[in-house]
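The primary structure of each chain is shown beneath.
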Amino acid sequence: TNVEDAVFPWFGLDIGGTLVKLVYFEPKDITAEEEEEEVESLKSIRKYLTSNVAYGSTGIRDVHLELKDLTLCGRKGNLHFIRFPTHDMPAFIQMGRDKNFSSLHTVFCATGGGAYKFEQDFLTIGDLQLCKLDELDCLIKGILYIDSVGFNGRSQCYYFENPADSEKCQKLPFDLKNPYPLLLVNIGSGVSILAVYSKDNYKRVTGTSLGGGTFFGLCCLLTGCTTFEEALEMASRGDSTKVDKLVRDIYGGDYERFGLPGWAVASSFGNMMSKEKREAVSKEDLARATLITITNNIGSIARMCALNENINQVVFVGNFLRINTIAMRLLAYALDYWSKGQLKALFSEHEVSRVISCDMLPSQRACCSCYAGI
Amino acid sequence: MAECGASGSGSSGDSLDKSITLPPDEIFRNLENAKRFAIDIGGSLTKLAYYSTVQHKVAKVRSFDYSGKDTEQDHEPPYEISVQEEVTARLHFVKFENTYIEACLDFIKDHLVNTETKVIQATGGGAYKFKDLIEEKLQLKVDKEDVMTCLIKGCNFVLKNIPHEAFVYQKDSDPEFRFQTNHPNIFPYLLVNIGSGVSIVKVETEDRFEWIGGSSIGGGTFWGLGALLTKTKKFDELLQLASRGQHTNVDMLVQDIYGGAHETLGLSGNLIASSFGKSATADQEFSKEDMAKSLLHMISNDIGQLACLYARLHCLDRVYFGGFFIRGHPVTMRTITYSINFFSKGEVQALFLRHEGYLGAIGAFLKGAEQDNPNQYSWGENYAGSSGLMSSSPELCPTQRARSGTFDLLEMDRLERPLVNLPLLLDPSSYVPDTVDLTDDALARKYWLTCFEEALDGVVKRAVASQPGSVDAAERAEKFRQKYWNKLQTLRHQPFAYGTLTVRSLLDTREHCLNEFNFPDPYSKSRPGEASSPRSPGQPVSSINCGSIAGSMVTTSAEQSRGSDEQLVKQKDNGVALKCFQRVVSALDALDWEERQLALVKGLLAGNVFDWGAKAVSDVLESDPQFGFEEAKKKLQERPWLVDSYSKWLQRLKGPPHKCALIFADNSGVDVILGVFPFVRELLSRGTEVILACNSGPALNDVTYSESLIVAERIAAMDPVIHSALREERLLLVQTGSSSPCLDLSRLDKGLAVLVRERGADLVVIEGMGRAVHTNYHAALCCESLKLAVIKNSWLAERLGGQLFSVIFKYEVPAE
């Protein structure tokens, strides 16, 4: 129950459908005494994680997200954010076995679907007992926590002003001092939407299978790209209006009867019904259209949920938004336009926030400690 | 973010086909006097609407002049039924592929003889494209109408006028379509039109609707993205691919992420967590089928989810789906229904429409016809002139499609009088007229279809005999046979073709087919020996039984079927019956009160036996009417009857009189004259007013309103009770608005409904198999009701747990 007793290393693992997000707390206030006692394997883990920015061929540390000089459960240190594809989980578990993690008697806090899916593998292969945490709990607590600690002195939460105008568009900090009620849209491979009324009172409103996985999956099929970054890069150079059928393509302008602007997409991929137009589009155009389609749809569902739940601030998080300014600006614009300014789209610097809560929040540390019998 | 009726333009073939595979005069019917054209041109299909007047024969009743002295010349019928020409209004809707548009326009131009029409209302995405062609070919000015306005007008119109228009899709049931009874109040509802994009419209009244949202992920996305992914160009082919695919190879499921279900959230392992989530890899090939299936799920789920969110926000639970994505495709109906059920947890119902493809054309037509005020009338689907649901769906009926070409028809007749609910229905929204759903009940369906098939010969003969003076009667009767036979065959394979299949709809379809070939009243006249084939003693009975059922719902055993020579004309039957009315009445008057009540009920029932073997009974009647009538009573089952609440009824009669009784009469002749009228007379004597409702038009040997007027007049001449009741308007004769041997209490003449309200009717008497057993057996009314019938069909009797001539006497009092 004494959180200070918790044994290093402090890890949090969020095993999603596509990506595994790992947070690692690197204590910077280690006393000489502690250093003395620190076992070799623990030392090597710390060295390995903090001195590299890439692990194997697919693991990446997002250095820009690192939270420095954080006080967590009475310890000072840095928080590192590492990600790798879920399909490399077996290799990760194998590494845990090779590095003899089990001898550290640490608690492996894990959330996300993979916490269930890989639990048995952790146990049988790595001799590691996972402490499974509810992902929605983690998500909510994570976002609140991360907002409370800020982002290395800056605000964690932000919004876009003039999102449709690339000249005037500005990313501005948002003070989430009145967080509730809040609609939380977590865009991973799929999308989960939560209505949050307080720290402990929330519900999952709905979800959609049209998420980041759909964008990336379709891009792979349509363009032959192999990474999310590549897909986004192509999208940034494409023109979706060649692929989509717009209101003006049908009505020659705005459809006034229904107050629809001519620029609105009437049919995503609608132009692709025609052979000539299929032959005239580039891979970049297709990637862009895929991105716009998925993003607009998420915006639309989120807006309807916000209306149904009577909530007007919507926070979008999740790995789909990582380095994805196009999507964030589109969400910001679509939400503002279709709600006539009633709804505000908010974003967080740490899209991966849910993992943090998992082992860093005192309450959950306690929970993990109990579990581990400390 | 939406697009309306215009089903995606683009890759459907644009080359025009000048040849039409079917004779166009069977498609564009009654063009000679057509007017008010409207056209809806979608991405691949054109829907043409026009209004025509149909001249057809109707049976008219004319009373002979009885100056009082020749009533004893009793071989003459009391009145004459003559066939006259009458003009009625009809709406025609024809759907064909865009490739035929030029050929069709040419045909119309050539046959449009006599029209004052100057403009054609046009809607749909293709209206622009073909504007010049239409103006040039038809010499009509094209008037563009708003797509969504037309769609909604059309939707309101079919929901109001076509019974069983809407249906739900039920997976794993056979057939998969479940039709809905028309809700008395169709508003408000949500219309989700899935064209290239999706439009979501909230419809609040006839004229008020609002676009509340939409989505760009629609049919165009399925088609466009599908074409890119699978290199398959046609929408139909994409759906075919999808129906063969396995989406789990492409989609990331909950179990792929969790290893199983997500129990705390209650998400099953089979749910799709991320559409196309598994395709995010470079080193795997995916089959076209699997990708198409995954795409179909993705789009259907997304639309269903949005529809539910909008329905919830606007507190609506009825959502109709239309647009080319849905049209005639069980696959998409299935996925959309699944999605709606999933996201709404059963609170929202996904509804589809039989005539969804015609909504735009109907709406455009109505816009153009506003000065004729078509909405003030009631309209009825003409089963003879309409193609059934899925008649051209390649998925469902590849052979059917080949047979009927690519043309699909809908015809609607303007009904003479507006139809409304009987105000006495307990719950109009849950009222279902029909007792047995033959769509559902495969055994019953088989039985009845066979019956109607076997009866066809007899009906054809009777039709010919009803028009002895006509030179082409035989030829027309033969066409009738062919048409009705084909309908029956269609219904064998697609029992859902015209909504819920029932005995009533089979009968109505036959009436429509008869009318189509100008046989308005085959029972009005027929010469002995011609109407039905003489039967040799050893002939199998069953076919004859069936024959008479479908003819007059009679039945079995060689002895009885001997009597089923239905050669008696209604006029003559009525004449014979009238002669013994007085004797029957005096015999009744001689009885003490309690005996008389039973005798009256038995009389009603015995009268009801008389559509069976009218000849046999009337022979007896002529020599000794009372004896004959008693003979008929003897045929009846002894009490206790199969359903017997007579004691309760008798008890009720000992109490205060009813204020007003509404009686639905059945057969002409003995039934109405010796059964119904004495019963009416007793009610009148008790101080109960009586509204006697008879069919507006002829059906089988049912008494029609105009016949009832004459019969009443004749009876009044001999009976002071009836006489004064008629004069003082305590006995009122009204028409039902129907020409069916069955009874739909949700579609009754408005005048009847008004009268029922005015007079405060508190008793409803429904008589006969067609009205009280095939229909309304389970009908719940908010006043006392009496349902009586003699089961004259052994199959049905057996089903009900009784025998031939079992008696149904169902007296019901609504719960307090």
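Up top you'll find the structure we're talking about.
Since this is a predicted model, take the numbers as computed values, not measurements.

A. Quick peek at the overall build of chain A. For chain A, the count of helices and strands is 14 helices and 17 strands. Over its C-alpha trace chain A gives a radius of gyration of 22 Å, about what one expects of a compact globule, namely 21 Å for 374 residues. Over its C-alpha atoms, taken along the principal directions, chain A stretches across nearly 75 × 45 × 35 Å. The 374 residues of chain A split such that 60% are buried. Intrachain contacts of chain A at a sequence separation of at least 6 include 66% that bridge at least 24 residues. Of note, chain A has its 39 positive side-chain charges centred 6 Å away from the centre of its 46 negative side-chain charges.

B. Spatial organisation of the interface of chain B and chain A. Chain B puts 60 residues into the contact, and the matching count from chain A is 60 residues. Both faces combined, the contact of chain B with chain A buries some 4,900 Å², and carbon together with sulfur accounts for 65% of it. Connecting chain B to chain A are two salt bridges. The partner of Arg257(A) in a salt bridge is Asp146(B), with the nearest N and O atoms 3.9 Å apart.

C. Broad picture of the nonpolar core. Counting residues in each nonpolar core, the largest one holds 104 residues, and the members touching the most others are Val185(A), Phe316(A), Phe320(A), Phe347(A), Phe222(B), Phe321(B) and Phe325(B). Ranked by the residues each element gives to this core, the list is headed by helix α8 (residues 288–313) of chain B, at 13 residues. Apart from the residues within four sequence positions on either side, Phe325(B) is in contact with Ile194(B), Gly219(B), Phe222(B), Phe235(B), Leu296(B), Ile299(B), Ser300(B), Ile303(B), Thr332(B) and Ile336(B). Judged by nonpolar contacts, the second largest core, of 55 residues, contains Cys580(B), Phe581(B), Leu683(B) and Ala716(B).

D. Representation of helix α23 (residues 705–718) of chain B in the model. For α23(B), built from 14 residues, the straight-helix expectation of 20 Å at 1.5 Å per residue is met to within 8% by its first-to-last C-alpha distance of 20 Å. Glu707(B), Ser708(B), Ile710(B), Val711(B), Ala712(B), Arg714(B), Ile715(B) and Ala716(B) are the residues of α23(B) that are buried.

E. Examining unusual backbone geometry more closely. For the peptide bond that leads from Phe187(B) to Pro188(B), omega is -10 degrees, which places it in the cis range. Within the secondary structure layout, Pro188(B) lies in the loop between β7 (177–179) and β8 (189–194). With an omega of -5 degrees, the peptide bond between Arg639(B) and Pro640(B) qualifies as cis. When you line up the elements, Pro640(B) lands in the loop between α20 (625–635) and β18 (643–644). Even without a glycine there, the phi angle at Asp127(A) is positive, about 55 degrees. Residue position: Asp127(A) is located in the loop between α5 (119–124) and β8 (130–132). Positioned with a positive phi, Phe269(A) is a non-glycine residue whose angle comes to about 65 degrees.

F. Looking closely at the sheet that holds strand β9 (residues 198–203) of chain B. All names here are of chain B. Spatially, β7-β6-β14-β13-β8-β9-β10 is the arrangement adopted by the seven strands of the open sheet, whose pairing is mixed. This sheet does not close on itself; its edge strands, each paired only once, are β7 and β10 (209–215). Sheet twist, expressed as the average angle between the axes of neighbouring strands with direction ignored, equals 35 degrees. The pairing of strand β6 (residues 166–169) with β7 spans three bridges and is antiparallel. For Phe 167, the partnering residue across the bridge sits in β7 and is Phe 179. Taken strand by strand, α8 contacts β8, β9, β10 and β13 (318–322), and its axis lies near 155 degrees from that of β8.

G. The arrangement of the packing of aromatic side chains in detail. All names here are of chain B. Scanning all chains against the criterion turns up 56 aromatic pairs over all chains. Ring centres 5.9 Å apart and planes at 70 degrees place the aromatic pair Trp 223 and Phe 324 in the edge-to-face group. With Trp 223 in helix α5 (residues 219–230) and Phe 324 in the loop between β13 and α9 (330–344), this pair connects stretches of sequence that are 101 residues apart. Phe 324 matches Trp 223 in its accessibility class, with the two residues each being buried. Cation over ring: Arg 414 sits above Tyr 377, and NZ or CZ is 4.1 Å from the ring centre.

H. Geometry of the packing of helix α4 (residues 147–161) of chain B against helix α10 (residues 359–368) of chain B. Residue and element names in this part refer to chain B. With their axes 6 Å apart at the nearest point, α4 and α10 run at an angle of 95 degrees to one another. The angle between α4 and α10 places the two elements in the roughly perpendicular class. Of the residues in α10, those touching α4 at Thr 149, Cys 150, Leu 151, Lys 153, Gly 154, Cys 155, Phe 157 and Val 158 are Leu 359, Gly 360, Ile 362, Gly 363, Ala 364, Leu 366 and Lys 367. Of the residues assigned to the contact of α4 with α10, the class counts are nine nonpolar, four polar and two charged.

I. Examining the sheet that holds strand β23 (residues 763–767) of chain B more closely. All names here are of chain B. With mixed pairing, seven strands are arranged side by side in an open sheet as β18-β25-β24-β23-β19-β20-β21. Edge positions in the sheet fall to β18 and β21 (731–735), since each of these pairs with one other strand and no more. Where β18 meets strand β25 (residues 806–812), two bridges bridge the pair, whose relative direction is parallel. Residue pairing for β25: Val 643 is matched across the bridge by Ile 808. Sheet strands touched by helix α21 (residues 646–653): β18, β23, β24 (784–791) and β25. Its angle to β25, the strand with the most contacts, is close to 45 degrees.

Reading the values: the criteria
- Residues numbered from 1 in each chain as written.
- Chains lettered and ligands numbered in written order.
- Predicted model: local features only at pLDDT ≥ 70, side-chain atom pairs only at ≥ 80, totals over all residues.
- Heavy atoms only, no water.
- Helix = DSSP H or I, 4+ residues; strand = E, 2+ residues; numbered from the N terminus.
- Rg over C-alpha atoms; globule rule 2.2 N^0.38 Å.
- Buried < 20%, exposed > 50% of the residue type's maximum accessible area, 1.4 Å probe, protein only.
- Contact = heavy atoms within 4.5 Å.
- Lys, Arg positive; Asp, Glu negative; His and termini not counted.
- Charge placed at Lys NZ, Arg CZ, Asp CG, Glu CD.
- Buried area = accessible area lost by both parts, 1.4 Å probe.
- Salt bridge = Lys/Arg side-chain N within 4 Å of Asp/Glu carboxyl O.
- Core = buried A, V, L, I, M, F, W, Y, C linked by side-chain atoms within 4.5 Å.
- Expected span 1.5 Å × (residues − 1).
- Pairing = 2+ DSSP bridges.
- Axes fitted to C-alpha atoms, helices over the stretch in contact; angles between N-to-C directions.
- Phe/Tyr/Trp six-rings, centres within 6.5 Å; stacked < 30°, edge-to-face > 60°.
- Lys NZ or Arg CZ within 6 Å of the ring centre and 35° of its normal.
- Parallel < 35°, antiparallel > 145°, perpendicular 65-115°, else oblique.
- Nonpolar A, V, L, I, M, F, W, Y, C, P; charged D, E, K, R; others polar.

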